[in-house]
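Structural overview for review
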Amino acid sequence: MKTDHLTRREFLDQTARASAGVAVAGNVIGSEPLRPGAARKRLAMVGTGGRGSSMWGTGVVKPYQDYVQFVGLCDSNRKRVEVAKGLMGVDCPTFTDFDRMIRETRPETVIVTTRDSSHDQYIVRALELGCEVITEKPMTTDESKCQRVLDAEKRYGRPIIVGFNARYSAIAEKTREYVQSGLLGPITSVDFHWYLDVQHGADYFRRWHARRENSGSLWVHKATHHFDLINWIMDTEPVEVNAYGDLRHYGRSGQKRGINCRTCPHKSDCKFHWDITKSPSAMKLYVDCESEDGYLRDACLFREEIDIWDTMTANVRYANNSIMSYSLNAFMPYEGYSMSFNGLHGRLDVRTYDRQPWTVNANAEFRLSLNFGKSEMFELKVTGADHNGADPKLKDMIFKPGVPDPLRQRAGSRAGAMSLLTGVAAYRSIEQRRPIRINDLVKF
Ligand SMILES: NC(=O)c1ccc[n+]([C@@H]2O[C@H](COP(=O)([O-])OP(=O)(O)OC[C@H]3O[C@@H](n4cnc5c(N)ncnc54)[C@H](O)[C@@H]3O)[C@@H](O)[C@H]2O)c1
């Protein structure tokens, strides 16, 4: 983080002076009604890439203009932050220096949408400088960063919201409803298997996600969603994890490789060749900004430096005495998942078989079977855009005042920690060849 290294006291003094006479809305995001005529919440964003400029950018600027306004945008890539500003259609100043942005623009809330591995530094600094925080998942990528975030939240007494959009999909909501209804009896075990296909799955290996130091691997970057869903659906927390992982298809397992697709000598015979020049948005956001940081959005997914796994299984024991068998595979012929809850009185199966469940219609098959009783099946049709309609529901909950939360979908740092630590425990288990207890990773 490029910072001016202000102390917290200096910062608060400066902010207090700068704020004299400026009306600041006093409501906590999403929890209290805005008074008529109250000021709009002042937002700043750090990390203005794909997710930042779209879901939290264009997807917020107009739809939530009555409630919030962007006062600053920051990114380590000087060009990308300008592109994002244009895409979002805002006129706020842009920065490459986070502290300067906070000092000059006085946001109340900071949205953190950088790479996963730098979330912690911006979360902690934003709290320290007097802001509330909304962070993308995963909250962070390892146990020591997680400890820092939890300690900072306690120390500064300001809330962290974690953007677990997957909780808001109609499929997740329906699943929770069944599990919480008690029909299945106490849940004894869960079978949960997630399939990423040769397009979506491969894309993680082209990008920064392909290095553990950036993403904590798919155990954290991707599976944090899945582990959070299980915690939320069953209303429990993980206790112990044992895992295995391999890299069988991408990275060094490939036969041929280049540096990136645009310059690759194997273009004509690689099934994974992706021509980024055909995507105007990717050209603008990434290729046109390469000169600043050298980041190649179309990097070869068979490069030797890749150190994440593409084939993963884990067993997890939970506080509610249930156990889970989980897998994540990243080069499947189709995209989707299979999630079953086994209870003392019955079983719930949930399946989706879509190529791109986040972008096309992701119909889900539900089968509810009771021991010695009926087995009934039905299909739930959900619209595909914006992660099956989950993203707008999450933003309503965060930005619109007074939205009720009967399903307890709002997620804070505890939920953020529990899901990411399941992934951290999984990769530590692979590294150390032993089961890892969550309580041995951080002090809550
Ligand atoms: N919830 C979801 O469904 C979902 C979907 C996609 C991405 N995400 C999350 O959103 C975040 C961003 O992902 P993305 O796909 O937009 O990636 P991206 O590469 O498009 O954007 C990341 C941005 O962060 C900037 N950046 C990197 N390091 C930085 C640093 N130290 N300081 C400041 N800026 C820095 C990069 O220049 C880039 O602009 C990630 O945490 C990712 O896990 C969540």
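A brief structural summary. Quick caveat: nothing in here was measured; it's all calculated off a predicted structure.

**Considerations on the side chain of Arg297**
Here Arg297 shows up in the loop between helix 13 (290-293) and strand 9 (311-318). Within the structure, Arg297 has its side chain in polar contact with the side chain of Asp203 (distance 2.9 Å). Residues in contact with Arg297, not counting those within four places in the same chain, are Asp203, Arg206, Arg207, Trp274, Ile276 and Tyr286.

**With respect to the pattern of salt bridges**
Throughout the structure, instances matching the rule amount to 36 salt bridges. Here Glu173 and Lys393 are joined by a salt bridge, their closest N and O atoms 3.1 Å apart. Pair noted here: Glu173 is in helix 7 (residues 170-181) and Lys393 is in helix 14 (residues 385-399), with a separation of 220 residues, a long-range link. The exposure class assigned to Glu173 is buried, which follows from its relative accessible area of 18%. Exposure remark for Lys393: the relative accessible area of 31% places this residue in the partly exposed category. Asp349 is paired through a salt bridge with Arg347; the nearest N and O atoms lie 2.8 Å apart. Among the residues examined, Asp349 registers a relative accessible area of 18% and is labelled buried. Overall, Arg347 belongs to the partly exposed group, its relative accessible area being 30%. Linked through salt bridges whose partners overlap, the residues forming this network are Glu143, Arg212, Arg428 and Glu431.

Basis of the calculations
- Residues numbered from 1 in each chain as written.
- Predicted model: local features only at pLDDT ≥ 70, side-chain atom pairs only at ≥ 80, totals over all residues.
- Heavy atoms only, no water.
- Helix = DSSP H or I, 4+ residues; strand = E, 2+ residues; numbered from the N terminus.
- Polar contact = N/O pair within 3.5 Å; in protein donor to acceptor, adjacent residues only side chain to side chain.
- Contact = heavy atoms within 4.5 Å.
- Salt bridge = Lys/Arg side-chain N within 4 Å of Asp/Glu carboxyl O.
- Buried < 20%, exposed > 50% of the residue type's maximum accessible area, 1.4 Å probe, protein only.

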